[in-house]
Amino acid sequence: MKDRLPLSPPIELVERHLFGVSEGLIDATKRGETSPGIAEAVRRSMEWSEYHADIQDDQASAQPSPEVLHSKPSVPEAIRDLIQRRVAALSLSSTPLPAPGQIVSAEKIVTPRPGQLDAIMLVPLFVLLDAPAEAPAVWHGWLVSAETEYAGWWDFVLQEQDAHFDPEAAMVQLWNPVRLYLPMAARVVGQLSSARLQAVRSLAADFVAVEPPADVPCWPGRVASRTTSAGLRVSTGSPLGDEHDARNRYQQLYFEAAEAVREPARLALRALAGVPVGQVGTLMNRLIAAAGKAAEILLPEPRVAMAMSGDDLADFPDLSWPDVARLRIDEVTAEGDGRMEVTAVGTELLVVEVRKGSQVEERVDLPAGAVDTIAWDSGSTTLVLFTAGGRRLELPLKESE
């Protein structure tokens, strides 16, 4: 193994970042947003004590000296670069999802039924989307991380040609495949081109079928360009070394952290088992993803069977907007026309509109408990639902051009 300087950040900091108690979790505990079990564990943690000690220190030094007040802070070049890259990646945050090649952030645990997991997302995790999975609202992909010095032979390190991407999402872990439940996708933080996604897929195929060459030395911290068996150029690290190679521990940590993404997807697959994808499934994916991006949830719910109904879409679930509405897709044509039954399940008046751009094409007003059907054609762009109390959800009926 080549002698190298210690990898940055140290593996101890990586572990604390992934599994330590974050400031956000401490704040959530103080607001009473966690379960009693999680709250008790947080209050017993070292981070809880350190957090409150830091607050006391900050209060004690609340009045800075005149020299500090009038000094001009100096920002290191590396920090300025990270800030610029992160700001550039913000231009992608309004991109509709899902789509192959998108890198998305997962910032909270969402399950098909509230409370299925007594867990909380300690830090945001990032996923490169590859393709839809076996059920609506679930996609295949790979975990993405920041620490490129820990790159191994099966880590795809993003390059300048892949900009823009958040620096926290700079390395695709092909050894760490996941399924992502789309309501967990908060926003897009990167977008690979079709050609670069093909390079990722080529490297993933090699991971399954090809052993690392024996003549390539273990060189922690080094990233170099190489060619996949399909002839596509990729940048990766070197093969892993023995137990002294910190990259072994690094991969173990991230594989364990990825359970926060995998388990909600397993629950979703179980709930949606047997649901075909097709045109209706594609529309459901789009609606669920749009709701998640708006910090709302559309939960797939089993469709209530109706005897002698002749329901051709009985295998598809309804979509529940908790405490507000229940959506049942009745028809989607190849041309883009569709029809949906909407039920107002809350206590407020629910307004449903079909729009083409800003123009309202159809509207229904639903008192609490009422049911009605709303339709759209290939030119319609958006389904808008809002309540008298201010809840609002805008859902795209077609892919943005």
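Here, every reference points to the structure presented above.
First, a word on scope: everything that follows refers to the structure included in this document. (Residues numbered from 1 in each chain as written. Predicted model: local features only at pLDDT ≥ 70, side-chain atom pairs only at ≥ 80, totals over all residues. Heavy atoms only, no water.)

### Section: the overall build of the chain
Part 1: Within the chain, the regular secondary structure consists of ten helices and 17 strands.
Part 2: Of the contacts formed within the chain by residues at least 6 apart in sequence, a portion of 65% connects residues at least 24 apart.
Part 3: Split by element, the accessible area of the chain, about 20,200 Å² in all, is 53% carbon and sulfur. (Helix = DSSP H or I, 4+ residues; strand = E, 2+ residues; numbered from the N terminus. Contact = heavy atoms within 4.5 Å. Areas by Shrake-Rupley, 256 points an atom, 1.4 Å probe, with all protein chains shown as cover.)

### Some remarks on the environment of P36
Part 1: Here P36 is to be found in helix α3 (residues 36–43).
Part 2: The spacing of P36 and D118 is 82 residues in sequence and 9.7 Å in space, taken between C-alpha atoms.

### Section: the nonpolar core
Part 1: Counting residues in each nonpolar core, the largest one holds 96 residues, and the members touching the most others are L298, V342, L385 and L395.
Part 2: Counting residues per element, this core draws most heavily on helix α10 (residues 278–293), which supplies eight residues.
Part 3: Apart from the residues within four sequence positions on either side, L385 is in contact with W321, A325, L327, V342, L350, V351, V352, R391, R392, L393 and L395.
Part 4: The next biggest cluster of nonpolar side chains, apart from the first, holds seven residues, and it includes V21, I26, W48 and Y51. (Core = buried A, V, L, I, M, F, W, Y, C linked by side-chain atoms within 4.5 Å. Buried < 20%, exposed > 50% of the residue type's maximum accessible area, 1.4 Å probe, protein only.)

### Observations regarding unusual backbone geometry
Most of the time, phi is negative for any residue but glycine, and the peptide bond is trans.
Part 1: Each neighbour pair has its own omega, and for S8 with P9 the value is -5 degrees, a cis peptide bond.
Part 2: Note that P9 resides in the segment before α1 (11–19).
Part 3: A cis amide bond links A163 with the next residue in sequence, H164, at an omega value of 10 degrees.
Part 4: Mapped onto the elements of the fold, H164 is located in the loop between β4 (155–157) and β5 (171–181).
Part 5: We note that D323 has phi near 70 degrees; this positive angle belongs to a residue other than glycine.
Part 6: Examined against the element boundaries, D323 turns out to sit in the loop between β10 (318–321) and β11 (325–332).
Part 7: Overall, D323 belongs to the exposed group, its relative accessible area being 66%.

### Some points on a nonpolar patch on the surface
Part 1: On the surface, a nonpolar cluster with roughly 430 Å² of combined accessible area is contributed by I79, L82, I83, V87 and L90.
Part 2: When you line up the elements, V87 lands in helix α6 (residues 77–89). (Patch = residues over 30% accessible without salt bridge, like charges linked within 9 Å, V, L, I, M, F, W, Y side chains within 5 Å. Salt bridge = Lys/Arg side-chain N within 4 Å of Asp/Glu carboxyl O.)

### With respect to the sheet that holds strand β15 (residues 371–376)
Part 1: Strand order across the open sheet formed by five strands is β9-β10-β11-β12-β15, with antiparallel pairing between neighbours. Either end of the sheet is taken by a strand with one partner, and the two such strands are β9 (299–301) and β15. Across the sheet, the mean angle separating the axes of adjacent strands is 30 degrees when strand polarity is ignored.
Part 2: Pairing analysis gives seven bridges linking β11 to strand β12 (residues 338–344), with the strands arranged antiparallel. Residue pairing across strands places R326 opposite T343, the latter belonging to β12. (Pairing = 2+ DSSP bridges. Axes fitted to C-alpha atoms, helices over the stretch in contact; angles between N-to-C directions.)

### Digging into the pattern of salt bridges
Part 1: A complete count under the given rule lists 18 salt bridges for this structure.
Part 2: Residue E107 is joined to R187 by a salt bridge in which the shortest nitrogen-to-oxygen separation is 3.1 Å. Pair noted here: E107 is in the loop between β1 (102–106) and β2 (125–132) and R187 is in strand β6 (residues 185–191), with a separation of 80 residues, a long-range link.
Part 3: Classification of E107 as partly exposed rests on a relative accessible area of 36%.
Part 4: On the accessibility criterion, R187 (29% relative accessible area) is partly exposed.
Part 5: We note a salt bridge from D318 to R326, for which the minimum N-O separation is 2.8 Å.

### Points about helix α9 (residues 259–271)
Part 1: Here α9 spans 18 Å end to end across 13 residues, near enough to the 18 Å set by a 1.5 Å rise per residue.
Part 2: Within α9 the residues assigned to the buried category are A260, V261, R262, P264, A265, L267, A268 and L269.
Part 3: Buried-residue contacts for α9 involve β2, β3 (138–145), β5 and α8 (246–257). (Expected span 1.5 Å × (residues − 1).)

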